[in-house]
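# Summary of structural features
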Amino acid sequence: MAKTAEGPATQTRRVEPGVWASRTAALGPGILMASAAIGGSHLISSTQAGARFGWQLAFVIVVANLLKYPFFRFGPQYTVESGRSLVEGYARKGRGYLWVFFVLATVSSVISTAGVGLLGAVILGFMLPDSWAPGIPALATAMMASAWVLLVAGHYRALDAVTKVIIVTLTLATITATFMAASAGSERVAGFVEPTPWTWATLPFLVALMGWMPAPIEISALNSLWIQAKQKLHPSRAKDVLFDFNVGYATSAVLALFFLSLGALVQYGSGVEVATAGGAYVDQLLQMYGTAIGQWAVPLMAVIAFACMYGTVITVIDGYARACAESLRLLRREPEFSRRSLNLWLSGITGVGLVIVVAMSASLATMLTFAMISAFLTAPVFAWLNFSLVRGEGSLSPGLRYLSYAGLVYLAGFAALFLLDFVGLLG
């Protein structure tokens, strides 16, 4: 009996290292999704939320991440349970479902690409001396053209390890800046009156904040394609794949709160007007790091922020191109999409996105707001697609089911509220 009692304990000690090794090996797609999420919603909207309204909108960020969680989780969950991507799942439900996804994803691909591309170009412009800067259109062209070359040549995967280092560096720098700002204490100008975000006039900002928080929901389909590809090369257990997803999702959500805190601690109530035109807020954002850490950190953070956005541009273009190519393949009932088809989508998304960037080069705030609001208005459709797929074919716990219903009501309700206000029926 004594020997039997020792057996399980001995086995447990031997299994534990293997468990963590398998979880570490599964890391990748979830971190990639997080890198795609850290863009306009974090660098701009979250920080502006803190700079304009202090900590009042922290609850909104938490709720947005919580109520969107099931619809992002359904990507890895469905893929590891069925072996199919979400896009293949839409096709199995019916061509109508696939057509809806394909059309919306095609539109979202160029809007999202333009949004992150313009932000990246503005940050690049900040890094260069005024005498060197050729202008946002030229910088955007150079940046997006180089991203296209990497993707078409297939060399972008060499940047994966570097991208992870950049994300970790940005995260640590933001956390450090936030704690240093907190230790220094925040100051309010005399007579400062706290503004309220709970007005009809603020509704577009709230919808934009939630639109890319933590990312557009269709990113879940992109994530499922990345997971499917990795599973073919290095199969992982379902628990390990979900661990990877949860790590990436939690990192993105928590980092959004740190960006909000940075804005609240450094700029809120300081008497400095929050810039909304052009790329002026990029300068204010980077100066926050200088105020909290020291001016020496400003050029370093500019490089890190640009590298982060450059990686986001590559990830977004690649993910949407694969999702659109896969959708078209399934609509045509072909065995697999060709490299030529993928390159055509890479070229089309990059080209159209660049045209939008050039046209909106002087309107960063408008471009980002439009992209975020568009993402939020289409979110109920993508959320329902994912929920209906997993509800019908996957294992869905009662907790996730109820959270999904709450999320659908939240997404549809706010979208309807915004549209009613937009046409002048409210406020």
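Model, not experiment: these values are computed from the prediction. Counting restarts for each chain: residues are numbered from 1 in the order of the written sequence. Residue-level local features of this predicted model are given only where pLDDT is at least 70; pairs of side-chain atoms are given and counted only at 80 or more, and the full residue set underlies all totals for whole chains, interfaces and linings. The side-chain numbers reported here are obtained from all heavy atoms of the structure, hydrogens and water having been left aside.

## Section: the packing of helix α5 (residues 86-93) against helix α13 (residues 297-332)
Going by this rule: Every angle, taken between N-to-C directions, lies between 0 and 180 degrees, and every axis is a line fitted to C-alpha atoms, over only the stretch in contact when it is a helix. Each helix is a run of H or I in the DSSP string that is no shorter than four residues. Each strand is a run of E no shorter than two, and both are numbered from the N terminus. Orientation categories follow fixed angle ranges, with anything under 35 degrees roughly parallel, anything over 145 roughly antiparallel, 65 to 115 roughly perpendicular, and all other angles oblique. Working rule for handedness: look at the near helix, and if it is turned counterclockwise from the far one by less than a right angle, call the crossing left-handed; if clockwise, right-handed. Contact definition: two residues touch when any of their heavy atoms are within 4.5 Å.
Direction vectors running N to C along α5 and α13 enclose 30 degrees, while the axes themselves pass 10 Å from each other. Considering the angle they form, α5 stands roughly parallel to α13. Handedness of the α5/α13 crossing: right-handed. Facing Val87, Glu88 and Ala91 of α5, the residues of α13 in contact are Ala323, Glu326, Ser327, Arg329 and Leu330.

## Details of the confidence of the model for the protein chain
This is how it is decided: Confidence per residue, as judged by the predictor, is encoded in pLDDT with a range of 0 to 100.
Per-residue pLDDT for the protein chain has a mean of 83; in total, 88% of the residues score no lower than 70. Here helix α1 (residues 2-26) is the element of the protein chain with the lowest mean pLDDT, 49, and helix α14 (residues 339-359) is the one with the highest, 93. In this model residues 1-17 is a low-confidence stretch, pLDDT under 50, and it forms zero contacts with partners more than four residues away in sequence or in other chains.

## Some details on the pattern of salt bridges
What counts, and what does not: Any carboxyl oxygen of Asp or Glu within 4 Å of a side-chain nitrogen of Lys or Arg constitutes a salt bridge here. Only protein chains enter the accessibility calculation, which uses a 1.4 Å probe; a residue whose area is less than 20% of its type maximum is buried, one above 50% is exposed, and one in between is partly exposed.
Per the stated rule, a full pass over the model turns up three salt bridges. In this structure, Arg329 engages Glu88 in a salt bridge whose closest nitrogen and oxygen atoms are separated by 3.8 Å. Here Arg329 is found in helix α13, whereas its partner Glu88 is found in helix α5, with 241 residues between them in sequence. Neither Arg329 nor Glu88 differs from the other in exposure class; each is buried. The shortest N-O distance in the salt bridge between Asp318 and Arg322 comes to 2.9 Å.

## With respect to a nonpolar patch on the surface
Defined as follows: In this analysis, a patch consists of residues with relative accessible area above 30% that form no salt bridge, clustered at 9 Å for like charges and at 5 Å for the nonpolar side chains Val, Leu, Ile, Met, Phe, Trp and Tyr. Method for areas: the Shrake-Rupley scheme with a 1.4 Å probe, in which residue coverage is limited to the protein chains shown.
Judged by side-chain polarity, Leu420, Phe422, Val423 and Leu425 come together as a nonpolar surface patch covering roughly 450 Å² of accessible area. Tracing the backbone shows Leu420 in helix α16 (residues 398-422).

## Some words on the nonpolar core
The nonpolar side chains of a soluble globular protein tend to be buried, and buried together. The line we're drawing: As used here, the term nonpolar core means buried Ala, Val, Leu, Ile, Met, Phe, Trp, Tyr and Cys residues forming a set that is joined through side-chain atoms within 4.5 Å.
Leu57, Phe101 and Tyr289 are the most contacted members of the largest nonpolar core, which totals 135 residues. Not counting the four nearest positions on each side in its chain, Leu57 is found in contact with Ala49, Pro197, Trp198, Phe205, Leu206, Leu209 and Leu260.

## Points about the packing of aromatic side chains
To be explicit about the condition: Pairing of aromatic side chains requires ring centres within 6.5 Å, counting the rings of Phe and Tyr and the six-membered ring of Trp. Pairs whose planes differ by under 30 degrees are stacked, by over 60 edge-to-face, and all others tilted. Criterion for a charge above a ring: Lys NZ or Arg CZ within 6 Å of the ring centre, and within 35 degrees of the ring normal.
This structure, assessed with the given rule, holds 20 aromatic pairs. Ring centres 6.0 Å apart and planes at 80 degrees place the aromatic pair Phe376 and Tyr410 in the edge-to-face group. Of this pair, Phe376 sits in helix α15 (residues 364-393) while Tyr410 sits in helix α16; the two residues are 34 residues apart in sequence, bridging distant segments of the chain. Ring centres of Tyr410 and Phe414 lie 5.7 Å apart, and the angle between their planes is 70 degrees; on these two criteria the pair is classed as edge-to-face. One end of the pair is Tyr410 and the other is Phe414, both in helix α16 and four residues apart, which spans about a single turn. A relative accessible area of 9% places Tyr410 in the buried class. One aromatic cluster in this structure is built from Phe71, Phe74, Trp384, Phe387 and Tyr405. Just above the ring of Phe205 sits the side chain of Arg52; from NZ or CZ to the centre is 4.6 Å. The ring of Tyr97 carries the charged tip of Lys93 above its face, separated from the ring centre by 4.9 Å.

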